[in-house]
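Report on the structure
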Amino acid sequence: MINKKNSLIIFIVLIVGILFTSSVMAQETVELEMWHAWTGQDAFASEVLLPKIEEFQENNPNIKLKIQVIPNDSYRTKLRTQAAGGQIPDIMQTYPGSEVQPLVEAGLLMDLEGIIDYWTDDLIPRDSLSAYTFNDKVYAIPAKVNYTHFAFYNKDMLAEAGYTEWPETYEEFKVMGDALKENDIVPISLGNKAKWVLQSIYISTIGDRLTGIDYLEDVLAGERKFTDPAFIKALDVIKELADEGYFNKDANSLNDMEMRQAFYQKRAAMFFGGAWDIGGVIETAKEENMNVGIATFPQIEGEVAPKALSGVTGSAFSIRSGLSEAQKEAAIKFLKFFYSEETYVDLLRTGSFVPAKVDLPADISPQFQDVINLVNEHQIGPVYDAVLPINLIQTINNGLQSLTAGEITSEELAQKMQDNL
Amino acid sequence: MEHIYKHKKKLIYLGILPAFLLYLGFVIVPIFISARYSLVEWNGFSPPAFVGLENYAEMFGNNVFWRSLKNNMVVVLASVLGQVPIGFLLALLVNQKIKGRHFFRTIIFMPVVISAVIISLVWSMVYNYNFGLLNNILNFVGLESWVQNWLSNPDIAMFSVAAVIIWQFVGLYFIIFLAALQTVPDEILEAAKIDGAQGWKRTLYITIPLVKDSILASIVLCISGSLKTFALIYVMTNGGPSHATEVMAIHMYDNTFNGMKFGYGSAVSIFIVVFGIVLVTIVRNLFARFEN
Amino acid sequence: MKNQVKKIDKLKKIATYSILIFFALINIYPIFWMVMNSFKTENQIAINSFSLPESLNLSNYISAWNAVSLGRSFMNSFIVAGISVIITVSVGSLAAYFISRFEFPGKKLIYSFFIFGLLVPIHGTLVPIFILMRNIGLVNTRISLILPYVAFNLPLTIFILSSFMKSLPKAVEEAAIVDGAGYLRIFWSIILPMTRPALATVGILNFVYNWNEFSFALVLINDSKLMTLPLSLSLFSGQFSTDYGMQMAGLSMALVPIIAIYLLMEDQLVKGMSAGAVKG
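Residues numbered from 1 in each chain as written. Chains lettered and ligands numbered in written order. Predicted model: local features only at pLDDT ≥ 70, side-chain atom pairs only at ≥ 80, totals over all residues. Heavy atoms only, no water.

**A look at the overall build of chain B**
Helices and strands together make up the secondary structure of chain B, namely 13 helices and two strands. In terms of overall dimensions, chain B has C-alpha extents of about 75 × 70 × 35 Å along its principal axes. Out of the 292 residues in chain B, the part that is buried amounts to 58%. Distance between charge centroids for chain B: 10 Å, based on 19 positive and 14 negative side chains. (Helix = DSSP H or I, 4+ residues; strand = E, 2+ residues; numbered from the N terminus. Buried < 20%, exposed > 50% of the residue type's maximum accessible area, 1.4 Å probe, protein only. Lys, Arg positive; Asp, Glu negative; His and termini not counted. Charge placed at Lys NZ, Arg CZ, Asp CG, Glu CD.)

Here it is, written out as structure tokens:
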């Protein structure tokens, strides 16, 4: 019977029904603000990571990712400025070690302990997550492992100097360097304008070799010192390379492009770079008909860890703490999708190393297979700027420039590091 | 000359008001906030902790800071002694009726607008030790002893960089002087010619006094710009090698955004401002005394 | 005697042209280098950045335009830079007029107050301005850029305009006052036209500064649809490698509007004062 009372009830039910359904529907669309630094220049980003993000968006129309791409060089400035203003994104790319630590200590990031088993059960050993682990809690999942030390050398130029094989020992290496110098060739092209090159690429591996891979941890815990003769010896090696003219003289004012340019133009016999250079070197070598070999630093006398090779995880996402339940769910869903076995296998295809234990795909390039074999002969060691606190990173970065410019001695630098601890 | 309208004052203040408000809100207020930050220790993430004048004490005890101040003074001197006279000379030259003056007027200004990235890339190659244009020319004309490690040698890197800064901004003072020269009426110049004053004499005794306000303005701009200089050095050498080309603005940026010491960085900012006020005041007083 | 004068004149001309051509060459080279490399492929640049391009390869331009939506960035930069310049020059010239040609209590203080702004290093104000904008709720809008751009350009604008206006002869105003004209009228019809060269100067300087400004844009803009040109151009740098070819192409394109605006204003730079105004 339709009378006033009934129609009122029906009206109310309808309204409530509409409100309820629309709020449920509104609930279903979750927005996440996302920041990352993958501008698409690097193959691992353009071929794997960026398409992966797009795939996620397609599969999840009710999760809206508002993405901001900020180039690597400006990323920190923007993040720190906005964080200082009390605003950080919901999902953001974070950098390992002392870069992400202040965020953790300020309680800005959500720890992933609740879901970490998804990875640590089978895919990624917990050890590999150490760069993002604080107080036994993991705060990010990395996509890649960046080995920061490879020697890219011109086989023909070495042959002309009488070396058909990569020198086994550092002493042999120096003799070869002398031979190259005789022929007016710069043995090693170095571009240290950005300061981190000598630190991440050189001292990290050379240091790890001479001091052992637990050294930095021990120093930070107060059990060992920077003034240890082993560390000073590592600094001495770099100083020697500079003083004896194995590096180009203007190393501290050249950037990485100029460093590689000297190599490609055959003015230098080799340069040291990271895993990120592998793709570019292989490609350019093919174009220029260069015979390029990849190796690691020769054995130095007194090495404690002769197989050490510095590397650090990267390309990781962290989640902000204080998200709503719906947002948290969406963010976690994203992480699980993004950092999946498939992703790691795809990354291997682009010539990137991964922290996950996955089978090598059959279609990787033979050159990369060679590099993988090379890496497998080694043991991963810490990269200095992934482990040291910020002020020490600055001390050693600037210190290495001073060291190679002849402004200070190895002992003085070691003492400075110890004082700033 | 006094205007005697009654509501003149109101009109004056009203006219200045919009500029005043915008400037107050978005320059002065931020600087005061920054001054407050200079009194705390803050890494930008965790809550700040009040430390009074500790940041300033740390700053004045920091060798790197003093070096950065010295580097800024190199830029200031190079700019004032380089950009202003060269800019003025070029303005004089181009102000004449010469062929292609539109072209020259444009070209001389161009470096001011080119991105620091390009300038840095090109000039790095000029300064390159082995293959740079400069060393090649020196070798070619037999001046091998003058060949230097222009950007890697900590002793001379700052001068090499200062030269590029001078080069980049000459055009700025050029157009300021060019505009100023327009206020020198042709009649006066003609009259001077008839009186027998020509060329340099005329420039020195007639033109320069007539544009002295612009000269003072340019010097003040020079000083303020030199104390703030950041972009070009940042891209070209990043303050290196090992602080050799670090200027105060880079010192501040490095400590704030790389070292995560917002308090210390703010202290450096405040110092830049205060130091600038002192310098500019000295210069303006010198000019005022010179005028009398 | 006449021959000697002629000879000196000729020498002066040769000297003038030599100096100007020398400057022109060193000023033009960076632009030339940049444009040259914009036509090369990445590998070609890596191998030799001084060589001439093999062909006028436009692929970098097309890629650059599409990869970072340069069209949209151009528009954003135009809007932000343009509006900022208009506001700055308007309120700045008004303020400069009163400061430079009137006496009033507090004049010296106000002038120094504005000049003070010349000394402020902008990186020291990044965090405060971000916090300010956040509190006003303007983060991630074009206005959030326009306001600091105007504010930071006011000192320079007022400084140049007032020093220019100060040197204008008093005679022109006096005549108009006798005729009964109000100050605003004088400002608009007499002073401003005579200030044209300085207006062109600050117009150019303001536009250049706003067009190339990076730091505020980086910190205040979160929406990729609102990115200005410098932000978009910076996207050509990856963490481990930079796409130099696209970067050169992008930077070359970014230079065009500035050169265009400069040429537009450049004429005004040297327009002399009308003879009528001087003679009164």
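That covers the picture; the talk isn't over yet.
**Topic: unusual backbone geometry**
The amide bond that connects B:Gly240 to the next residue, B:Pro241, takes the cis arrangement and shows omega of -5°. Inspection of the secondary structure assignment puts B:Pro241 in the loop between α11 (231-236) and α12 (248-258). Although it is not a glycine, A:Asp136 sits at a positive phi angle of roughly 65°. Relative to the helices and strands, A:Asp136 is located in the loop between β4 (133-134) and β5 (137-138). Owing to a relative accessible area of 65%, A:Asp136 belongs among the exposed residues under this scheme. Despite not being glycine, B:His243 has its phi angle at roughly 70°, a positive value. For B:His243, the position within the fold is in the loop between α11 and α12.

**Details of the packing of helix α3 (residues 63-95) of chain B against helix α13 (residues 262-291) of chain B**
All names here are of chain B. Contact pair α3 / α13: the axes reach a minimum separation of 13 Å and the direction vectors enclose 35°. Relative to α13, the crossing made by α3 is right-handed. Contact with α3, carried on its side by Phe 65, Leu 69 and Met 73, involves Tyr 264, Phe 271, Phe 275 and Leu 279 of α13 and no other residues of that element. The residue inventory of the contact of α3 with α13, partitioned by class, reads seven nonpolar, no polar and no charged. (Axes fitted to C-alpha atoms, helices over the stretch in contact; angles between N-to-C directions. Left-handed = near helix turned anticlockwise from the far one by under 90°. Contact = heavy atoms within 4.5 Å. Nonpolar A, V, L, I, M, F, W, Y, C, P; charged D, E, K, R; others polar.)

**What to know about the interface of chain C and chain A**
Facing the 31 residues of chain C at the interface are 36 residues of chain A. Of the roughly 2,800 Å² buried between chain C and chain A, counting both surfaces, carbon and sulfur atoms make up 53%. Between the two partners, chain C and chain A, sit zero salt bridges. Linking chain C with chain A are 11 residue pairs in polar contact (both at pLDDT 80 or more), by the criterion used here. Secondary structure elements with two or more residues in the side of chain C that touches chain A: α2 (42-47), α6 (126-136), α11 (215-220) and α13 (244-269) of chain C. If you tally residues by element for the side of chain C that touches chain A, the top one is α6(C), at five residues. (Buried area = accessible area lost by both parts, 1.4 Å probe. Salt bridge = Lys/Arg side-chain N within 4 Å of Asp/Glu carboxyl O. Polar contact = N/O pair within 3.5 Å; in protein donor to acceptor, adjacent residues only side chain to side chain.)

**Some thoughts on the domain arrangement of chain C**
All names here are of chain C. Per the domain assignment, the segments making up chain C are domain 1 (2-57) and domain 2 (60-279). Spacing between the C-alpha centres of domain 1 and domain 2 amounts to 29 Å. Across the boundary between the two partners, domain 1 contributes 11 residues, which contact 11 residues of domain 2. Summed over both sides, the interface of domain 1 with domain 2 buries roughly 810 Å², with 64% coming from carbon and sulfur. (Domains from an automatic or database assignment.)

**A closer look at the nonpolar core**
A:Phe150, A:Phe334, A:Tyr339, A:Tyr344 and A:Phe353 are the most contacted members of the largest nonpolar core, which has 295 residues in total. A per-element tally of this core places helix α7 (residues 157-181) of chain B first, with 18 residues. For A:Phe353, the contacting residues outside a window of four places in its chain are A:Ala143, A:Lys144, A:Val145, A:Tyr147, A:Phe150, A:Ala275, A:Ile278, A:Phe368, A:Val371, A:Ile372 and A:Val375. Of all hydrophobic cores here, the second largest spans 54 residues; its members include A:Met176, A:Val237, A:Ile238 and A:Phe272. (Core = buried A, V, L, I, M, F, W, Y, C linked by side-chain atoms within 4.5 Å.)

**Some remarks on the environment of B:Gly52**
Residue and element names in this part refer to chain B. When you line up the elements, Gly 52 lands in the loop between β2 (49-50) and α2 (54-60). Judged by its relative accessible area of 15%, Gly 52 is buried. When the C-alpha positions of Gly 52 and Arg 36 are compared, they lie 9.7 Å apart, and in sequence the two are 16 residues distant.

**Examining the interface of chain B and chain C**
On the chain C side, the residues contacting the 82 residues of chain B number 94 residues. Between chain B and chain C, roughly 8,200 Å² of surface is buried when both sides are summed, and carbon and sulfur atoms account for 80% of that area. Counting across the chain B and chain C interface gives zero salt bridges. Summed over the shared surface of chain B and chain C, the number is 12 residue pairs in polar contact (both at pLDDT 80 or more). Counting residues per element, the ones that place at least two in the side of chain B that touches chain C are α1 (8-37), α3, α4 (101-113), α5 (116-127), α7, α10 (212-228), α12 and α13 of chain B. Among the elements that line the side of chain B that touches chain C, the one with the most residues is α1(B), at 23 residues.

**Some remarks on α3(B)**
Residues and elements named next belong to chain B. Over its 33 residues, α3 extends 47 Å from the first C-alpha to the last, a length consistent with the 48 Å expected when each residue adds 1.5 Å. The largest bend in α3 comes to about 30°, at Ser 79. Regarding α3, its N-cap is Asn 62, as a side-chain oxygen of that residue lies 2.9 Å from the backbone nitrogen of Val 64 further along. (Expected span 1.5 Å × (residues − 1). Bend = angle between axes of the 7 residues up to and from the residue.)

**Describing the sheet that holds strand β3 (residues 91-94) of chain A**
Residues and elements named next belong to chain A. Across the sheet, which stays open at both edges, the four strands sit in the order β2-β1-β3-β12 with mixed pairing between neighbours. Each having just a single partner strand, β2 (63-69) and β12 (316-319) make up the two edges of the open sheet. Strand-to-strand twist in this sheet, taken as the mean axis angle between neighbours without regard to direction, amounts to 30°. Bridge analysis of β3 against β12 gives four bridges, and the strand direction is antiparallel. (Pairing = 2+ DSSP bridges.)

**Observations concerning the sheet that holds strand β6 (residues 144-147) of chain A**
Residue and element names in this part refer to chain A. If you trace the three strands from one edge of the open sheet to the other, you get β6-β11-β13, paired in mixed fashion. Edge positions in the sheet fall to β6 and β13 (379-381), since each has one partner strand and no second. Here the average twist between neighbouring strands, direction ignored, is 50°. Pairing geometry for β6 and strand β11 (residues 308-314), over four bridges, is antiparallel. In the strand pairing of β11, Lys 144 is matched with Gly 314.

**Section: a nonpolar patch on the surface**
Judged by side-chain polarity, B:Leu133, B:Ile137, B:Phe140, B:Val141, B:Leu143 and B:Trp146 come together as a nonpolar surface patch covering roughly 680 Å² of accessible area. If you trace the backbone, B:Leu143 turns up in the loop between α6 (133-140) and α7. (Patch = residues over 30% accessible without salt bridge, like charges linked within 9 Å, V, L, I, M, F, W, Y side chains within 5 Å. Areas by Shrake-Rupley, 256 points an atom, 1.4 Å probe, with all protein chains shown as cover.)

**Topic: the pattern of salt bridges**
Residues and elements named next belong to chain A. Taken as a whole, this structure holds 19 salt bridges over all chains when the rule is applied. Put simply, Lys 328 and Glu 325 hold a salt bridge, and the shortest N to O gap is 3.8 Å. Of this pair, Lys 328 and Glu 325 are both found in helix α13 (residues 325-338), three residues apart, which corresponds to roughly one turn of the helix. Of the residues examined, Lys 328 reaches a relative accessible area of 27% and is grouped as partly exposed. Accessibility expressed as a relative area gives 59% for Glu 325, which makes it exposed.

**Overview of helix α10 (residues 196-212) of chain C**
When the terminal C-alpha atoms of α10(C) are compared, their 24 Å separation across 17 residues agrees well with the 24 Å that a helix rising 1.5 Å per residue should span. When you tally the buried positions in α10(C), you get 14 out of 17 residues, the bulk of the element.

**Regarding the environment of A:Lys233**
Turning to its location among the elements, A:Lys233 is positioned in helix α10 (residues 229-243). It is 9.3 Å that separates the C-alpha atoms of A:Lys233 and A:Gly302, two residues lying 69 residues apart in sequence.

**Looking at the packing of helix α3 (residues 72-84) of chain A against α12(B)**
Running from N to C, α3(A) and α12(B) point in directions that differ by 70°, and their axes come no closer than 9 Å. In terms of their interaxial angle, α3(A) and α12(B) are classed as roughly perpendicular. Residues A:Thr77, A:Arg80 and A:Thr81 of α3(A) form the contact with α12(B), whose own contacting residues are B:Tyr253, B:Phe257 and B:Asn258. Class assignment of the residues belonging to the contact of α3(A) with α12(B) gives a composition of two nonpolar, three polar and one charged. (Parallel < 35°, antiparallel > 145°, perpendicular 65-115°, else oblique.)

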